[in-house]
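Chain by chain, the residues run as shown.
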Amino acid sequence: MSSAPVPAQVPLRMALSGVGVAYALNPAVRAPGRMQITSARAYAIPELTEIAAVLEGKYVRFGLARLGFEGYHESTLDVAARLPGVAGLRLRVRHARLPGFRAQASLRPELGVVRPPFGVVLSPSGFAFGGVYEVPPWTFLADISTDRGHLDGGVAWLYRVSAVTLLGSTGINPERLGLGMLLQTGPLLLAIAVNRHVELGWSQAVGVAWR
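Residues numbered from 1 in each chain as written. Predicted model: local features only at pLDDT ≥ 70, side-chain atom pairs only at ≥ 80, totals over all residues. Heavy atoms only, no water.

## Looking at the overall build of the chain
Cut-off, in case you're wondering: We count a stretch as a helix when DSSP gives it H or I for four or more residues in a row; a strand needs E for two or more, and each element gets its number in order from the N terminus. Here the radius of gyration uses the C-alpha set of atoms, whereas the globule reference equals 2.2 Å times the residue count to the power 0.38. Exposure categories follow from relative accessible area, calculated using a 1.4 Å probe and restricted to protein chains: below 20% of the type maximum is buried, above 50% is exposed, and the middle band is partly exposed.
Looking only at helices and strands, the chain has one helix and 14 strands in total. Here the C-alpha radius of gyration of the chain, 17 Å, is about what a compact globule of 211 residues would show, namely 17 Å. With the C-alpha coordinates aligned to their principal axes, the bounding extent of the chain is approximately 55 × 35 × 35 Å. For the chain, the residues scored as buried account for 39% of the 211 residues in total.

Here it is as structure tokens:
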């Protein structure tokens, strides 16, 4: 089973513009045990601020995210398990509530398989396929994906210098650009990221993880 080249934090996902879903964020990828707390604001809109907490072990990951404001509340539970061999499973449960309307819940199961340097994630609505290429201190990621008929893809890079990792990415449909930085200090890992959507503007995220 492969190890993740980057931790699966919300800021990292934003800095990577969603690239890396098939490899770095694959449920089959092993990660060191840690706890994470993150905050992300989509398109600079205060009402779209999401707070998330994650507890991650070598083989199991639990995540809980909350987004809400007056008139709308959304919660997401994310559970992933790394199976023996090269596979992993993820289940996302999303619950949304709008005053005056019936609450809605949705389930999204995913199956991930990783055989370095490639990975694939399958879901009822689509798939993602991608890979990783490492030439220290550089790491490159590339993905192509489809979800409900929507085709997307992108490339991303990471550059490690001692305790600092710089990230950059670009996505194609819609066009977006991501930048981020990781700082490792003892058991703490600090992360910041920004992402620009060609039509909706800027998003920001910060996070901290510790072992």
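## Looking at the nonpolar core
Soluble globular proteins: nonpolar side chains tend toward being buried together. Definition in use: The term nonpolar core refers to a set of buried residues drawn from Ala, Val, Leu, Ile, Met, Phe, Trp, Tyr and Cys, joined through side-chain atoms within 4.5 Å.
Ranked by size, the top nonpolar core spans 22 residues in total, and within it Leu141, Leu167 and Leu182 carry the most contacts. Those elements giving two or more residues to this core turn out to be helix H1 (10-15), strand E10 (150-161), strand E13 (188-197) and strand E14 (201-210).

## Description of the side chain of Glu56
In plain terms, the rule: For the purposes of these results, a polar contact is taken to be a pair of N or O atoms within 3.5 Å, where, inside protein, one atom must be able to donate a hydrogen and its partner to accept one; residues adjacent in sequence count only when each atom of the pair is a side-chain atom.
Here Glu56 lies in strand E2 (residues 49-56). For Glu56, a relative accessible area of 4% translates into the label buried. At a separation of 3.0 Å, a polar atom in the side chain of Glu56 contacts the side chain of Arg82.

## Comments concerning the packing of aromatic side chains
Put simply, the rule reads: Geometry of aromatic contacts follows a simple scheme: Phe, Tyr and Trp rings, the Trp one being its six-membered ring, pair when their centres are within 6.5 Å, and the pair is stacked under 30 degrees between planes, edge-to-face over 60, tilted otherwise.
Under the counting rule described, the total for this entry stands at five aromatic pairs. Between Phe118 and Phe129 the ring centres are 5.8 Å apart and the planes differ by 15°, which places this aromatic pair in the stacked class. Of this pair, Phe118 sits in strand E7 (residues 118-123) while Phe129 is found in strand E8 (residues 126-135), placing the two residues eleven residues apart along the sequence. Among the aromatic residues, those joined into a ring-pair cluster are Trp138, Phe140, Trp157 and Tyr159.

## Looking at the environment of Pro124
Assignment of secondary structure puts Pro124 in the loop between E7 and E8. For the pair Pro124 and Phe101, spaced 23 residues apart in the sequence, the C-alpha separation amounts to 27 Å.

## Things to note about unusual backbone geometry
Cis geometry is adopted by the peptide bond preceding Pro117, which originates at Pro116 and carries an omega value of 10°. Mapped onto the fold, Pro117 is located in the loop between strand E6 (104-115) and E7. A cis amide bond links Pro136 to the next residue, Pro137, at an omega of 10°. Note that Pro137 resides in the loop between E8 and strand E9 (138-147). Here the phi dihedral of Tyr43 falls at roughly 55°; this positive angle occurs in a residue that is not glycine. Assignment of secondary structure puts Tyr43 in the loop between strand E1 (34-41) and E2. Within the chain, Ala44 stands out as a residue other than glycine whose phi angle is a positive 60°. Relative to the elements of secondary structure, Ala44 occurs in the loop between E1 and E2.

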